[in-house]
Amino acid sequence: MGSLIHLKVNGQSQSHEVEPRLLLAYYLREVLNLTGTHIGCDTSNCGACVVLVNGKAVKSCTMLAVQADGLEITTIEGLANDNELHPIQEGFKEQHGLQCGFCTPGMIMTAAQLLARNPDPTEDQIREALDGNYCRCTGYHNIVKAIQYASEKVKKEVFHD
Amino acid sequence: MTNIIGKSVKRVEDKRFITGKGRYTDDIVLPGMLYAQIIRSHYAHAKILNIDTSEAEVMEGVIAIFTGKDIAEAGINGVPCGWQVDFKNGDTMKEPPHPLLVADKTRYMGDSVAVVIAESKALAKDAAEMVKIDYEPLEAVVHAEEAVEEGAPLVHEDVPNNISFDWELGDREKTNQAMAQADHITTLEFVNQRLIPNAIEPRSAIGDYDSTNDKYTLYTSSQNPHLIRLLMCAFVLGIPEHKVRVVSPDVGGGFGSKIFHYTEEALMTWCSRQIGKPVKWTAERSESFMTDCHGRDHVTKAQMGFDKEGNIVGLRVKTFANLGAYLSTFGPCVPTYLHGTLLQGLYTTPAIHVDVTGVFTHTTPVDAYRGAGRPEATYLLERLIDKAALEMDVDPAALRFKNFIPPFDGVNQPGYQTQVALQYDSGNYEPVLRRAMDMVGYQELRQEQAQGRENGKLLGIGISTYIEACGIAPSAVVGALGARAGLYESAQVRVQPTGKVSVYVGSHSHGQGHETTFAQIVADKFGIAMEDVEIIHGDSESVAFGMGTYGSRSLAVGGSAIMKGIEKVIEKGAKIAAHKLEASKDDLQFEDGKWTVKGTDKSISFGDVALTAYVPHNYPEGLEPGMDFASFYDPANFTYPFGAHIAVVEVDTETGKVDLKKFVACDDVGNVINPMIVDGQIHGGLVQGIGQALFEGAIYDESGQLINGSYMDYTMPRADDLPSFETDRTVTPCPHNPLGVKGAGEAGTIGATPAVVNAVIDALAPFGIKDLEMPVTPEKVWKAIHNNP
């Protein structure tokens, strides 16, 4: 028998009956069709499935959908404001922070939490924050630059405001 | 838009990826789709005594279960090998079948035994656990050198000593003579360890049979959709090619591992035909570890001979190449024609002989992984020359400079004929190493190293120079070398009536940025905006044909095919323009998107000419309407990029940990269309090369269990293991393709590995350590330092 869950995903209320064993990652992908959250491993190492749960970066394959009952989830699809890219998304494009794009949503969501906690990270701090996310294409070089770009941009905007 | 070739244009494909709108195979959901769980052998070598599906069959949501017996009874062939390498004595390569599901025996951990198809992924998995299989485990052999010994367990009963082929290249006698007269011989015995490619997107395949039209569609995470269609139709399932559509949508990295035709692709297609509904299989990461083809796995003894002055006089190589349990699509080609042929390197070595034995073992099939053969060749050469420098007490850079082939541009000077079959197109090797040494501050570092040693600080500087063969390659040549396919590329340049351009390319992009680079070429040559060009790839229904994306060939071969199409459009456009302008074709020039009568202001735009081609009211007599050209480009030669990499490491004597402090790379990939993308390719390649040097390696136990088959156990490089890189380039254009490009996809991986290992050995020189086996883990370094092997 399923369990009824109520949650907010990208600002929209959702209610579904789900199998208790269903992982949040699969709920997002298969029930809500939000396929921007990717699944790259079965051991919670790769970080392709990172989403924000009440603002915290969480590997959505480590969490059951029923545990998300009553919580607020942001996925990569919900990060841009209307049609305006989030500064981190913009950074990834400007600095060539992605190649195949598969790890990208998880990288961006992880970076979102990093910059929320530490708006002006050093390169070492960025690299440490990405420790739970694998990328096989970029060698991380341009991902670091993408996050630095976003950090600079947010600083400028804050200063400007 | 003219003059955008050579500019770092931001990628047009990025928007969908950064907003979560990419569409990978597993994202696709078709109406009525079912899900497959493949039951895989957990024994490396076992007889299948019995399979009992009775309990699973009656479970909720289970639609069908197929075993190897069903496949055998349906008369389905195994997946074929695409490259034939025969024995030295002329005997044909041993090529046992690789069935979609095995019926009698399993030959590696992960071999497919049965498939369960159910209404959901979870139900298929539940049911798979209820299928009871009785195995009789058998003794396994996992190392190539052991597999060829008398009495070793046989992977295939009809393949004596597990040898698929033996092969040689070069002049054995001349090399032996040269070595006999050498003043100094450096010997290196090493394992180029087995790597697991680990694209972050697990492989996925959806078979979709449409009974109404008797048509099949296969969605697959492949680098090579067109060839997969040909192989699957003609050699595996025996279904007509025109009834089959293969789609590779967005693909999440490949690095070689998604070139090959895998059993699951044909299996899903066949299952869908049996059931009449779409069937999807997506690998779990543990399946990726077990079943994506692995790379490298060479056991090599190599000797390099020198005269008194330090000139290389000969090179002798013996390699055992582990092919795994079955021959994968390009398996036999990698240790032979992509390895043996690269052993000239950048050096004037006058005598070379290489001998390779291809061996079956009870392990995952081995095939091309980023660099494919060329990293193995480069590692061999660059470790040898560094070890020789150490033994002869000369600077490793100086020894390289002494032996470099002098510059040749392939136009004013002929290409360089190697001792191992290839003819290099163009090369100028000294400047890349000089530049890399400047970038890293080589002389200062040597001083710092000497001072550090007095204080117990272990700084190491490692050089590697490399050459690679890319743009694979002329069909006639590869055919003569055993390829069972041509290696050209196709492109269709379709100018729409409004002057917008759709380009259908046979190359497939899975991260390389084709949608940007190719569009840059078209926009530049036609003088139109990038937004007016669309690149379409990865769908056999819209693209004529393609030979796949690998071997850094997309731009050199695929880009050249586009250039042929562009030339045809401009040629036809000139005829239309001449008619409209009432001028002679010879009096026109095409520039900035318009044809102009030379010396006048009379002109007609690209868009107007396109419209005229489709609305041919006032039109040259006898000229066909339309503006749509298909081209196939078959190159005249491989391309030969080269470069120099320098790694700087510091080794912690207490822990043995290697800290990669700095890494500089100066590569020459010929002309560059998009420097940003090329740099990105180099960065990514470097990390895969560094990964081999310091972190990665598949480990099998004696029974054939892959004991580090997960991300918990297989050490992938992470962001905080690495520094940022410094890259630069020189430009030596390729003389034989229209863009002058050489290819950049594998350079980083090829150069990086020996640079890092050389740096570690250089750091450990005070301890008298001359070699360490990869990956150079803290444990190995610590043991070596503390003399505790």
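Residues numbered from 1 in each chain as written. Chains lettered and ligands numbered in written order. Predicted model: local features only at pLDDT ≥ 70, side-chain atom pairs only at ≥ 80, totals over all residues. Heavy atoms only, no water.

A. Spotlight on the overall build of chain A. The number of helices and strands found in chain A is 5 helices and 5 strands. Listed by position from the N terminus, the elements making up chain A come as β-β-α-β-β-β-α-α-α-α. Since a compact globule built from 161 residues should have a radius of gyration of about 15 Å, the 16 Å found for chain A is in line with a globular shape. Projecting the C-alpha coordinates of chain A onto the three principal axes gives extents of approximately 50 × 35 × 25 Å. Classification of the 161 residues of chain A by burial places 54% in the buried group. (Helix = DSSP H or I, 4+ residues; strand = E, 2+ residues; numbered from the N terminus. Rg over C-alpha atoms; globule rule 2.2 N^0.38 Å. Buried < 20%, exposed > 50% of the residue type's maximum accessible area, 1.4 Å probe, protein only.)

B. Summary view of the domain arrangement of chain B. Residue and element names in this part refer to chain B. When the domains of chain B are assigned, the result is domain 1 (17-138 + 200-253 + 258-291), domain 2 (295-472 + 637-785) and domain 3 (488-633). With centres defined by C-alpha atoms, the gap from domain 2 to domain 3 works out at 39 Å. Taken together, the 21 residues of domain 2 in the interface contact 19 residues of domain 3. Summed over both partners, the interface of domain 2 with domain 3 buries about 1,400 Å², with 63% contributed by carbon and sulfur atoms. Applying the counting criterion to the domain 2 and domain 3 interface returns 0 salt bridges. Connecting domain 2 to domain 3 are 6 residue pairs in polar contact (both at pLDDT 80 or more). Residue composition of the side of domain 2 that touches domain 3, grouped by class: 9 nonpolar, 8 polar and 4 charged. (Domains from an automatic or database assignment. Contact = heavy atoms within 4.5 Å. Buried area = accessible area lost by both parts, 1.4 Å probe. Salt bridge = Lys/Arg side-chain N within 4 Å of Asp/Glu carboxyl O. Polar contact = N/O pair within 3.5 Å; in protein donor to acceptor, adjacent residues only side chain to side chain. Nonpolar A, V, L, I, M, F, W, Y, C, P; charged D, E, K, R; others polar.)

C. View of unusual backbone geometry. With an omega dihedral of -10°, the bond running from B:Met774 to B:Pro775 counts as a cis peptide bond. Tracing the backbone through its elements, the reader meets B:Pro775 in the loop between helix H19 (747-763) and helix H20 (778-785). Despite not being glycine, A:Ser44 shows a phi value in the positive range, around 55°. In this structure, A:Tyr140 is a non-glycine residue whose phi angle is positive, near 70°. Looking at the secondary structure, you find A:Tyr140 in the loop between helix H4 (123-129) and helix H5 (141-160). Assessed through its relative accessible area of 0%, A:Tyr140 is described here as buried.

D. Summary view of helix H2 (residues 87-94) of chain A. All names here are of chain A. Most of H2 sits out of view: 6 of its 8 residues are buried. Buried within H2 are the following residues: Pro87, Ile88, Gln89, Glu90, Gly91 and Phe92. Directly after H2, the chain includes histidine 96, whose backbone phi takes a positive value near 55°.

E. Examining the pattern of salt bridges more closely. Residues and elements named next belong to chain B. Taken as a whole, this structure holds 53 salt bridges over all chains when the rule is applied. Salt-bridge contacts for glutamate 264 lead to arginine 40; the nearest nitrogen and oxygen are separated by 2.8 Å. Here the residue glutamate 264 occupies a position in helix H8 (residues 263-275), and arginine 40 occupies one in strand E1 (residues 34-40), the gap between them amounting to 224 residues. No difference in accessibility class separates glutamate 264 from arginine 40, as the two residues are buried.

F. Focus on the sheet that holds strand E9 (residues 204-210) of chain B. Residues and elements named next belong to chain B. Ordered by their spatial adjacency, 7 strands build an open sheet running E3-E5-E1-E12-E9-E10-E11, and the pairing between neighbours is mixed. Looking at the sheet topology across the chains shown, the edges are occupied by strand E3 (62-67) and strand E11 (244-247). Here the average twist between neighbouring strands, direction ignored, is 20°. Sheet analysis places E1 next to strand E5 (residues 112-118), joined by 6 bridges and oriented antiparallel. Opposite isoleucine 39, over in E5, you have alanine 114 as the bridge partner. (Pairing = 2+ DSSP bridges. Axes fitted to C-alpha atoms, helices over the stretch in contact; angles between N-to-C directions.)

G. View of the interface of chain A and chain B. With 45 residues of chain A at the contact, the number on the chain B side is 53 residues. Of the roughly 4,300 Å² buried where chain A meets chain B, counting both sides, 53% is carbon and sulfur surface. Our enumeration of links across chain A and chain B arrives at 5 salt bridges. A salt bridge links A:Arg29 to B:Asp26, with the shortest nitrogen-to-oxygen separation between them at 2.9 Å. Contributing elements (two or more residues each) for the side of chain A that touches chain B: helix H1 (24-31), H2, helix H3 (104-117), H4 and H5 of chain A. Considering each element in turn, the side of chain A that touches chain B owes the most residues, 4 residues, to H2(A). When the residues that make up the side of chain A that touches chain B are grouped by side-chain class, the tally is 16 nonpolar, 17 polar and 12 charged.

H. Geometry of a nonpolar patch on the surface. A grouping of B:Leu611, B:Tyr614 and B:Val615 is seen on the molecular surface, where their side chains present a nonpolar patch of about 230 Å² in accessible area. Looking at where B:Leu611 falls in the secondary structure, it is placed in helix H17 (residues 606-614). (Patch = residues over 30% accessible without salt bridge, like charges linked within 9 Å, V, L, I, M, F, W, Y side chains within 5 Å. Areas by Shrake-Rupley, 256 points an atom, 1.4 Å probe, with all protein chains shown as cover.)

I. Broad picture of the domain arrangement of chain A. All names here are of chain A. When its domains are assigned, chain A resolves into domain 1 (3-77) and domain 2 (87-156). One C-alpha centre belongs to domain 1, the other to domain 2, and the line joining them spans 21 Å. Taken together, the contacts link 18 residues of domain 1 with 13 residues of domain 2. In this assembly, domain 1 packs against domain 2 so that about 1,200 Å² is buried in total across both faces, 63% of it on carbon and sulfur atoms. Broken down residue by residue, the surface that domain 1 buries against domain 2 is led by His38, Val50 and Ile76, which jointly contribute 40%. On the surface where domain 1 and domain 2 come into contact, there are 5 residue pairs in polar contact (both at pLDDT 80 or more). Within the residue set of the side of domain 1 that touches domain 2, elements represented by two or more residues are strand E3 (50-53) and strand E4 (56-59). For the side of domain 1 that touches domain 2, the residue count by class is 8 nonpolar, 8 polar and 2 charged.

J. Highlighting the nonpolar core. The biggest cluster of nonpolar side chains holds 196 residues, and the ones touching the most others in it are A:Phe92, B:Phe663 and B:Ile690. No other element matches H19(B), which puts 10 residues into this core. If sequence neighbours within four positions are ignored, B:Ile690 has contacts with B:Leu660, B:Phe663, B:Phe695, B:Leu722, B:Phe725, B:Ala752 and B:Val756. Residues B:Val501, B:Val557, B:Phe606 and B:Ala610 belong to the second largest nonpolar core, which totals 46 residues. (Core = buried A, V, L, I, M, F, W, Y, C linked by side-chain atoms within 4.5 Å.)

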